Amino acid sequence: MKDIRTTCAYCGVGCGIRATVTGPRSVSIKGDADHPANFGKLCSKGTHLGETVGLEGRLLHPMIGDAQVGWDTALDTVADKMRDCIARHGPDSVAFYVSGQLLTEDYYAANKLMKGFVGSANIDTNSRLCMASAVAAHNRAFDEDIVPVTYQDLDEADLILLVGSNTAWCHPVIWQRIEAAREARGTKIVVIDPRRTETAEQADLHVAVAPDGDVALFNALLDEMAARGLNVAPAHPQPLVQAGAEYGSVDPEVFAALADLVAAHPKMVTVFSMGANQSIAGTDKGNAIINLHITTGRINAAGMGPFSMTGQPNAMGGREVGGLANMLACHLGFSEAERADVAGFWNTERLCSAPGLKAVDMFRAVHEGRIKFLWVMATNPAVSMPDSGFVREALALCETVVVSEVIADTDTAQFAHIRLPAHGWGEKDGTVTNSERRISRQRRLFAPPGEARADWAIIADVAARLGHGAAFGWKCVADVFREYAAMTGLAVKHGKVLDITAQADISDEAYETLAPFIWGGRHPMKGREMRTFPVEARTRAFDPEYPLRLNTGRYRDQWHTMTRTGLSPTLSQHRREPLLELHPADAAASGVVHGALAQIETRSGRSVFRVSVTDAQARGQVFVPMHWTDAMASGGRGNLLPDQAIDPVSGQPGFKNNACRIAPVITEWRAFLVCVDAIMLDGLVWWSKSRVAGGWLFELAGSGAVDADELLPEGERIEAVDLARGMRRIAAIDGDGRFVAGLYITRNGQLPERDWIAAQLGQRAAKVPEMLAARPSTPLPDRGAMVCICHGIGAKQIFAAVEGGADTVAAIGKACAAGTNCGSCRPAIARLLRTWNDELAEAAQ
């Protein structure tokens with residue numbers, strides 16, 4: 001069958017994909033070797049997109065409450081509620097909260113309706129949570145939201161600084177590109193991060209900066225370069241304080257090594273991402289980085305420049321069309337001249353007059369009753385917003401919540417009065433813009449399921465019902481793209497770089513075959529005015545009642561709130577539970593132990609996690625993931641914990657540095673359950689679930705009696721009990737003799753491994769002793785902890801390859817295939833190799 005060229009659904013790298021549809025809801029995925037963003041490479045998430053295109057959990061029909069309705073009824077209701085709200089309370093009582101998962105055409109339609117015809121700028125995007133500080137820093141330095149480099153500059157750099165970026169996990173294809181540069185030209189890699197991540201372990205230098213110590217560090221670097229006579233442009237005096245002195249500063253020898261590397265390598269790219277942006281000083285961090293590049297002349301030439309890596313597939317496209325509340329459209333602001341031109345282009349008299357509410361302030365306004373109609377599109381703020389318990393209260397209080405979604409029962413959809421089924425990846429048709437300003441096409445692979453519709457079309461139909469049909473009379477997605485492309489002419493008029501007016505007359509046929517292209521050229525700020533901006537180091541106050549510092553972030557194989565990746569058996573192997581990572585000394589001081597449960601508490605909330613004790617965490621700092629939801633665990637809710645403090649310029653929340661404390665969670669028993677069909681759980685101290693090939697794996701813990709009847713399906717049961725060890729094991733068999741569930745409980749012993757018994761789900765029942773032991777009578781080779789999910793290679797298999805003479809990551813790949821597909825696990829393989837070598841060296845002493 002013919003390949004369809006499309007773009008990945010996940011991060012901001014914007015990888016090209018060649019998809020071959022193999023069935024009604026099945027697809028074969030491979031990287032597009034001709035796409036300049038990835039040249040055929042994919043990470044683990046992109047590689048396994050085919051596992052996430054089924055219809056499990058999909059929202060297939062419009063719903064009002066729990067009742068299925070037709071589209072006309074649903075859209076009439078949305079428009080009526082909106083109209084009534086505006087009439088009674090004014091346009092600012094209405095808000096849209098949108099997403100970097102939307103296509104550019106969807107974003108354009110939403111922004112045009114809200115700002116142009118509702119008459120309020122209360123439209124903001126979840127990009128506020130990840131990239132808004134970079135946007136603000138760009139605007140201060142460049143007078144426009146411009147990324148001044150491209151991926152090619154990574155290929156040609158001699159030094160790459162990775163600031164607040166676990167690139168090997170969060171942008172794996174970029175990491176592979178950086179690795180290739182190191183191999184080809186000896187590029188040096190520095191990681192500036194409080195955590196010793198897998199990326200940091202592979203770097204030539206790890207600078208363990210204190211939380212929010214980045215501004216002081218880059219100011220000090222700027223001062224040091226001036227002292228060495230390397231500045232080519234005057235810099236503003238930078239007020240310096242010791243980097244994060246309150247929590248431990250950068251070691252002077254490490255700073256000297258960093259300064260030597262920076263001084264010796266003018267061809268330098270600084271990549272910064274969420275670790276820098278998600279801070280109450282995120283904008284200043286961005287400007288501290290940009291200041292260094294401008295002042296030392298390391299910008300606007302091959303292999304040099306500051307590079308903000310976006311987190312979502314179309315965060316950049318949303319920024320282009322005006323998806324942020326503080327932008328009008330097409331990189332334009334709210335001056336009288338800009339407003340007049342936008343009003344004329346849209347032919348509206350209702351254009352908003354000032355910026356709207358940014359995400360955190362928007363949900364405060366919902367909570368206070370100032371916003372009474374909220375339309376959420378393609379995002380899950382009940383999980384992803386900081387202080388998400390407060391956000392849930394706000395959603396519960398809101399008069400009308402509309403959710404356009406792919407999944408029927410997200411944590412946010414639970415609060416919706418109206419749910420509208422939207423297209424998911426593989427059904428969407430439009431454009432996205434990646435981190436290097438490259439516009440690519442997402443193309444439809446499958447017919448939309450049920451009654452799902454494109455977001456832009458849903459928005460246009462609501463606009464028509466509000467009386468604005470003439471302004472939203474697009475017949476196809478290419479119509480929307482053409483209008484947006486034409487509108488960038490206003491950006492040009494006002495001196496901006498953004499310009500895709502060459503596409504304004506593109507035909508439907510040419511749009512269908514549109515090849516990826518970059519706007520602005522390779523170095524868009526070359527020959528244009530740039531400004532340094534003085535920034536002062538600051539951090540958050542120490543709280544003696546909450547003495548630890550909390551950092552939150554992503555896992556390698558999960559995405560946002562797991563509504564897609566949580567359905568993949570392969571991706572679920574990397575981290576089956578949300579882990580609280582902390583230093584051994586902090587674990588001892590808090591009374592928690594590795595593998596047990598602990599509660600982490602802040603002044604905003606509390607949640608329970610599985611404990612992982614690791615010296616990769618600095619003392620005084622802990623890390624938890626942001627992905628888990630009510631649908632996937634009883635705890636693990638990372639975003640319940642950060643407070644509502646924001647960067648004063650960008651409005652971006654400070655996810656990365658919150659005060660917390662930890663306490664052990666005591667349970668009387670532990671268990672796991674494997675089952676073909678997922679179940680609803682309540683009343684346990686802990687449960688989490690993850691996908692396996694034949695169903696689900698639940699990890700359980702609690703106190704008191706275990707009610708097996710609540711956990712297991714009806715049917716034949718086989719049971720073994722050992723009261724002395726507090727052990728109980730039950731296997732459930734259906735009428736066809738298939739193994740459909742197994743429950744394994746202990747009060748004071750060890751639980752068996754999960755992999756073999758989980759693989760038996762849905763199969764003809766194995767021998768009774770095997771099912772109760774959860775292992776085959778003939779032992780299988782022990783692979784160890786899973787490392788390479790693509791080839792199913794575990795740590796012990798990698799050690800066996802090393803013992804057999806494989807002494808590099810590449811040699812290990814040749815020996816056992818680990819790391820030879822998507823490459824996302826190569827840093828983990830390198831860590832195992834280093835562990836092996838360290839143990840050999842220690843034994844030889």
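1. Here we look at the overall build of the chain
Here is step 1: Secondary structure assignment for the chain yields 27 helices and 32 strands.
Here is step 2: Over its C-alpha atoms the chain spans a radius of gyration of 27 Å, differing by no more than 12% from the 28 Å that the globule rule assigns to 845 residues.
Here is step 3: Seen through its principal axes, the chain has C-alpha atoms that stretch 80 × 70 × 60 Å.
Here is step 4: Expressed as a percentage of the 845 residues in the chain, the buried residues total 63%.
Here is step 5: Long-range pairs, those at least 24 residues apart, make up 71% of the contacts in the chain with a sequence separation of at least 6.
Here is step 6: Within the structure as shown, the chain displays about 29700 Å² of accessible surface, and the carbon and sulfur contribution to it stands at 50%.
Here is step 7: Computing the positive centroid from 84 side-chain charges and the negative centroid from 97, the chain places the two 2 Å apart.

2. Topic: helix α9 (residues 214-227)
Here is step 1: When the terminal C-alpha atoms of α9 are compared, their 20 Å separation across 14 residues agrees well with the 20 Å that a helix rising 1.5 Å per residue should span.
Here is step 2: All buried positions along α9 are accounted for by Asp 214, Val 215, Ala 216, Leu 217, Phe 218, Asn 219, Leu 221, Leu 222 and Met 225.
Here is step 3: Along its buried surface, α9 packs onto β8 (159-163), β9 (188-192), β10 (205-207), α10 (252-264), β11 (268-272) and α12 (282-295).
Here is step 4: Gly 229 sits one or two positions beyond α9 and adopts a positive phi of about 75 degrees.

3. Regarding the sheet that holds strand β19 (residues 548-553)
Here is step 1: Taken together, 6 strands build a closed barrel; the order of strands is β19-β23-β20-β22-β21-β24 and the barrel is mixed. Pairs of neighbouring strands in the sheet enclose a mean axial angle of 45 degrees, with direction left out of account.
Here is step 2: In the sheet, strand β21 (residues 597-601) pairs with strand β24 (residues 658-665) via 5 bridges, with the strands oriented antiparallel. Directly across from Leu 597, in β24, lies its bridge partner Val 665.

4. Description of unusual backbone geometry
Here is step 1: Residues other than glycine seldom take positive phi values, yet Cys 330 does so here, at roughly 50 degrees.
Here is step 2: As for its position among the elements, Cys 330 is in the loop between α13 (315-321) and α14 (336-346).
Here is step 3: When its relative accessible area of 1% is taken as the criterion, Cys 330 is described as buried.

5. Focus: the pairing of strand β2 (residues 16-23)
Here is step 1: A large share of β2 lies buried, amounting to 7 of its 8 residues.
Here is step 2: The pairing of β2 with strand β3 (residues 26-31) spans 6 bridges and is classified as antiparallel. Bridge assignment links Ile 17 to a residue of β3, and that residue is Gly 31.
Here is step 3: Here β2 folds back onto β3, and the loop between the two strands holds 2 residues.

6. Description of the packing of helix α3 (residues 104-118) against helix α18 (residues 455-468)
Here is step 1: Running from N to C, α3 and α18 cross one another at 20 degrees; their axes reach a closest spacing of 8 Å. Between α3 and α18, the angle falls in the class roughly parallel. At the point where α3 passes α18, the crossing takes the left-handed sense. For the pair formed by α3 and α18, the contact residues are Glu 105, Asp 106, Ala 109, Ala 110, Leu 113 and Phe 117 on the first element and Asp 455, Trp 456, Ile 459, Ala 463, Leu 466 and His 468 on the second.
Here is step 2: Partitioning the contact of α3 with α18 into residue classes produces 8 nonpolar, 1 polar and 3 charged.

7. So, the side chain of Thr 270
Here is step 1: Along the chain, the position of Thr 270 falls in strand β11.
Here is step 2: You can call Thr 270 buried: its relative accessible area is 0%.
Here is step 3: Here Thr 270 is in contact with Leu 161, Val 163, Phe 218, Ile 289, His 293, Gly 305, Pro 306 and Phe 307, once residues within four sequence places are set aside.

8. A look at the sheet that holds β8
Here is step 1: Spatially, the 5 strands line up as an open sheet ordered β10-β9-β8-β11-β12, and their pairing is parallel. What marks the edges here is a single partner per strand, and that holds for β10 and β12 (305-308). Taken over all neighbouring pairs, the strand axes of this sheet differ in orientation by 20 degrees on average, direction set aside.

9. A look at the pattern of salt bridges
Here is step 1: Inspection of the entire model under this criterion finds 63 salt bridges.
Here is step 2: Between Arg 128 and Asp 124 there is a salt bridge whose closest N-O contact spans 2.9 Å. Accessibility assignment for this pair places Arg 128 and Asp 124 in one class, buried.
Here is step 3: With its nearest N and O atoms 3.1 Å apart, the salt bridge here joins Lys 493 to Asp 341. In this pair, Lys 493 sits in helix α19 (residues 477-493) while Asp 341 sits in helix α14, placing the two residues 152 residues apart along the sequence.
Here is step 4: Since its relative accessible area comes to 17%, Asp 341 is described here as buried.
Here is step 5: When salt bridges with common partners are traced through the structure, they connect Arg 196, Glu 201, Asp 615, Arg 831 and Arg 834 into a single cluster.

10. Section: the pairing of strand β16 (residues 430-433)
When a strand is regular, its side chains alternate between the sheet's two faces.
Here is step 1: Here 4 bridges tie β16 to strand β17 (residues 438-442), and the two strands are oriented antiparallel to one another. Residue pairing across strands places Val 432 opposite Ser 440, the latter belonging to β17.
Here is step 2: In this antiparallel pair of consecutive strands, β16 and β17, the connection spans 4 residues, and Arg 437 shows a positive phi of 70 degrees.

11. Describing the environment of Gly 229
Here is step 1: Examined against the element boundaries, Gly 229 turns out to sit in the loop between α9 and α10.
Here is step 2: On the accessibility criterion, Gly 229 (58% relative accessible area) is exposed.
Here is step 3: Residues Gly 229 and Ala 263, 34 residues apart in the sequence, show an inter-C-alpha distance of 9.7 Å.

12. Quick look at helix α25 (residues 795-803)
Here is step 1: Those residues of α25 that sit buried are Ala 795, Ile 798, Ala 801 and Val 802. Looking straight down α25, one finds its buried side chains confined to an arc of 115 degrees; they lie on one side.
Here is step 2: Looking at the packing, one finds that the buried side of α25 touches β31 (786-788), β32 (793-794), α26 (809-816) and α27 (826-844).
Here is step 3: Phi turns positive one or two residues past the end of α25, at Gly 805, with a value near 115 degrees.

13. Focus: the packing of α3 against α19
Here is step 1: Their axes nearest at 9 Å, the elements α3 and α19 cross at an angle of 70 degrees. What the angle tells us is that α3 and α19 run roughly perpendicular. As α3 packs across α19, the resulting crossing turns out to be left-handed. Contact with α3, carried on its side by Thr 104, Glu 105, Tyr 108 and Lys 112, involves Val 477, Val 480, Phe 481, Glu 483, Tyr 484 and Met 487 of α19 and no other residues of that element.
Here is step 2: For the contact of α3 with α19, a count of residues per class yields 6 nonpolar, 1 polar and 3 charged.

14. Thoughts on the confidence of the model for the chain
Here is step 1: Per-chain confidence: the chain averages 95 in pLDDT, with 98% of residues scoring 70 or above.
Here is step 2: Scored below 50 in pLDDT, residues 239-248 shows 32 contacts in the model against residues more than four places distant or in partner chains.

15. Thoughts on the state of the cysteines
Here is step 1: Summed over the entire model, instances satisfying the criterion amount to 0 disulfides.
Here is step 2: Cys 8 provides the cysteine sulfur closest to Cys 43, a residue in no disulfide bond, and the two sulfurs are 5.9 Å apart.
Here is step 3: In this structure Cys 825 is not part of a disulfide, and its nearest cysteine sulfur, from Cys 788, lies 4.0 Å away.

Cut-offs used in this document
- The numbering scheme is per chain: residues are counted from 1 as the chain's sequence reads.
- Only residues with pLDDT of at least 70 get local features here, since the model is predicted, and only at 80 or more are side-chain atom pairs given and counted; chain-wide, interface and lining totals rely on the full set of residues.
- In computing side-chain values, all of the structure's heavy atoms are included and hydrogens and water are not.
- Numbered from the N terminus, helices here are DSSP runs of H or I no shorter than four residues, and strands are runs of E no shorter than two.
- For a compact globule the rule gives 2.2 Å times the number of residues to the power 0.38, and the radius of gyration it is set against comes from C-alpha atoms.
- Only protein chains enter the accessibility calculation, which uses a 1.4 Å probe; a residue is then buried when its area is under 20% of its type maximum, exposed when over 50%, and partly exposed in between.
- Two residues form a contact once any of their heavy atoms are found within 4.5 Å.
- The Shrake-Rupley method, run with a 1.4 Å probe sphere, supplies the accessible areas, and residue values consider only the shown protein chains as cover.
- His is not counted, nor are the chain ends; Lys and Arg add positive charge and Asp and Glu add negative charge.
- A charge is said to be at NZ when it belongs to Lys, at CZ for Arg, at CG for Asp and at CD for Glu.
- By definition here, a helix of n residues has an expected span of 1.5 Å times n minus one.
- Any two strands between which DSSP finds at least two bridges are classified as paired.
- Helix axes use the C-alpha atoms of the stretch in contact, all axes being lines fitted to C-alpha atoms, and the angles between their N-to-C directions lie in the range 0 to 180 degrees.
- Roughly parallel covers angles under 35 degrees, roughly antiparallel covers those over 145, roughly perpendicular covers 65 to 115, and oblique covers all other angles.
- For a crossing to be left-handed, the near helix must be turned anticlockwise from the far one by less than a right angle; the clockwise case is right-handed.
- When residues are sorted by character, Ala, Val, Leu, Ile, Met, Phe, Trp, Tyr, Cys and Pro go into the nonpolar class, Asp, Glu, Lys and Arg into the charged class, and all the rest, Gly among them, into the polar class.
- A side-chain nitrogen of Lys or Arg and a carboxyl oxygen of Asp or Glu constitute a salt bridge if their distance falls within 4 Å.
- Summarising the geometry, the arc corresponds to the directions from the helix axis toward the C-beta atoms.
- The quantity called pLDDT is the predictor's confidence in a given residue, expressed from 0 to 100.
- For the purposes of this analysis, a disulfide is any pair of cysteine sulfur atoms at a distance within 2.5 Å.

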